[in-house]
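Chain and residue survey
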Amino acid sequence: MKFGPVAITEAAGCIAAHTVRAGDVIVRKGATISAEDAVRLAAAGLTELVAVRLEPGDIDENAAAAKLAAALAGQGIVTEAPFTGRVNLFATAAGVLTIDVAAIDRFNRIDEAITAATLPAMKSVVAGEMVGTVKIIPYGLAGSLVDGALAAVSGAPISVAAYRPVSVGVISTLLPGLKPSVIEKTLRIMVDRLAPAGANLSADRRVPHEATPLAQALAKMAAGPADILVVFGASAITDRRDVIPQALLAAGGRIEHLGMPVDPGNLLLIGELAGKPVIGAPGCARSPKENGFDWVLQRCLAGIPVRKADIQAMGVGGLLMEIVSRPQPRAPGHAEAAPVAGMVLAAGRSTRMGEANKLLQAVRGKPLVRHAVEAQLASKAGPVLVVTGHQQKEVAAALAGLDIRLVHNPDFASGLASSVKAGLATLPASAPGVVVSLGDMPNVTAQVIDRLAEVFADRPDALAVVPTLLGQRGNPVLLARALFPAVARLTGDQGARRLLDEAGEAVAEVQLDDPAIALDVDTPEALRALVG
């Protein structure tokens, strides 16, 4: 590939390295210069420009990216169409992301022109989540470089081990003073943990915190339908001679490893009985907050064996405990969620989806937009408004039977700002704020919406509350009434981002680590990945 100044008389067929403007002629960066473009640029007085000329054996950036991304994509991964030398990879099912890290490292060492980035290996992902991207830096590559990269990643190193519809049996050990409400709460949290994987809690046994009755319960449960066994001890496991490890051995099982370099989660046991995983849960597993137990359970739900070496390799990135720079978890006695309203924006033309209206596409048995609206209705927000525009009647029909207020925006074609204005204009005066959701984000839950309202209750001085994922802001966004006057200054496709800029330091960020807040479905590729 040649890169540099090219006489305009020789530019036809080259790729513009930068956007070129001459007279009324514009050739965009990365566009192939046609013979007509060259003539018109010359007529406008241009004599040369910086361009790229592919040589025999070269592959253009999009073709190279598509070819390499296809080689990286394994089971449970779909690639989108290439653009500007980039191809994104998406999960087609919920599960655990498995990556051959060494292969990706080899791939990135081939040449500085070839890059691949992924989410962390063994991360739990949802259908439709972006898990990786391939980016070609220049406008073309020598075919030999592409061949070398393909050789480095033979075997499709990025895959998703999909969750299986398994059943989980739970045994709780009891000691005097352990309230039954603690057990009940633990089980409710366990059911919530299993839900994203489509797994179910099939057995609930409660025995004294003694080795013999626990061993008997383990043996009986292992002989039943449960695929995974979890023991919640009334007392933490501190030694291999403790009650839970000894009960596992007495039942005929084995201990794979005790302890883990993850905090919270240190006091976890992983073992096996009758070919089934047995997890001795640490005390932190009674909390819904992420801890080391989640990492082990997710792998088991996806059918991935958890060995001693796997546990020992979890130290880097295993510091999950609260730190002073991060908001502390809500403690009992804090204010309830603020009585905010809810609003779903469903007026857009979904031009990136093509001819079909993305909001009406079927996802998990119902129109995509209905998921976003039902999440608002399941939250504590109320009333819930839905702003319609494009295909107003069809969108309204997709929401039939729901307790919502439909607000039509006749000016929807002018951009997002007009829909935000239309919705805010109809809010009840009593609402101190509103949670604004996007109609194309079907995985956002009521819990996310309520969490924003809880933070707003604790921070009445905040002009906005926004969730973050890995430091990046996502949706939905809670806007305080004090910020509503700024909406009048919005134009075109300006939305919450512009309002958050105006709010400045008065924005309360909520770290959720929930990929749903960053997952919108606005392309055919994203939709295919979401529905599998």
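Report on the accompanying structure. Just so we're clear, the structure is a prediction, and the values are computed from it rather than from any experiment.

It is worth spelling out the environment of Ala156 at this point. With respect to the helices and strands, the residue Ala156 is situated in the loop between α4 (143-152) and β14 (158-162). On a C-alpha basis, the gap between Ala156 and Thr388 in space is 43 Å, while along the polypeptide they are 232 residues apart.

In this approach the atoms are scanned with a rolling probe the size of a water molecule, which exposes any empty space left behind. Going through the model one piece at a time under the given rule, you end up with one cavity of 30 Å³ or more. In this structure, the largest cavity encloses a volume near 50 Å³. Contributing to the lining of the largest cavity are Ala372, Ala375, Gln376, Ser437, Leu438, Met441, Val444, Ile449, Asn475 and Pro476. In terms of residues, the lining of the largest cavity owes the most to one element, helix α10 (residues 368-378), which gives three residues. A class-by-class count of the residues in the lining of the largest cavity yields seven nonpolar, three polar and no charged.

With that settled, consider the state of the cysteines. By the definition in use, this model includes zero disulfides. No disulfide involves Cys284; its sulfur sits 15 Å from that of Cys300, the nearest cysteine.

One pass over the structure, following the stated rule, counts 13 salt bridges. As a salt-bridge pair, Lys358 and Asp440 come within 2.8 Å of each other at their nearest N and O atoms. Highlighted residues: Lys358 in the loop between β21 (341-346) and β22 (362-363) and Asp440 in the loop between β26 (433-438) and α13 (446-458), separated in sequence by 82 residues. Of the residues examined, Lys358 reaches a relative accessible area of 14% and is grouped as buried. Residue Asp440 is classed as buried on the basis of its relative accessible area, which comes to 8%. Close ionic contact of Arg370 with Glu374 constitutes a salt bridge, the shortest N to O distance being 3.1 Å. Taken together, the residues Arg370 and Glu374, both in helix α10 and four residues apart, mark about one turn of the helix. Taking the relative accessible area as the measure of exposure, Arg370 reaches 16% and is therefore buried. Of the residues examined, Glu374 reaches a relative accessible area of 26% and is grouped as partly exposed. When salt bridges that share partners are traced, they join Glu184, Asp204 and Arg206 into one network.

Definitions and cut-offs
- Residues numbered from 1 in each chain as written.
- Predicted model: local features only at pLDDT ≥ 70, side-chain atom pairs only at ≥ 80, totals over all residues.
- Heavy atoms only, no water.
- Helix = DSSP H or I, 4+ residues; strand = E, 2+ residues; numbered from the N terminus.
- 1 Å grid on protein atoms, 1.4 Å probe; cavity = no way out; pocket = protein on both sides within 12 Å on 5 of 7 lines; lining within 4 Å.
- Points joined across faces, edges and corners; volume = space filled by probe spheres on them.
- Nonpolar A, V, L, I, M, F, W, Y, C, P; charged D, E, K, R; others polar.
- Disulfide = S-S within 2.5 Å.
- Salt bridge = Lys/Arg side-chain N within 4 Å of Asp/Glu carboxyl O.
- Buried < 20%, exposed > 50% of the residue type's maximum accessible area, 1.4 Å probe, protein only.

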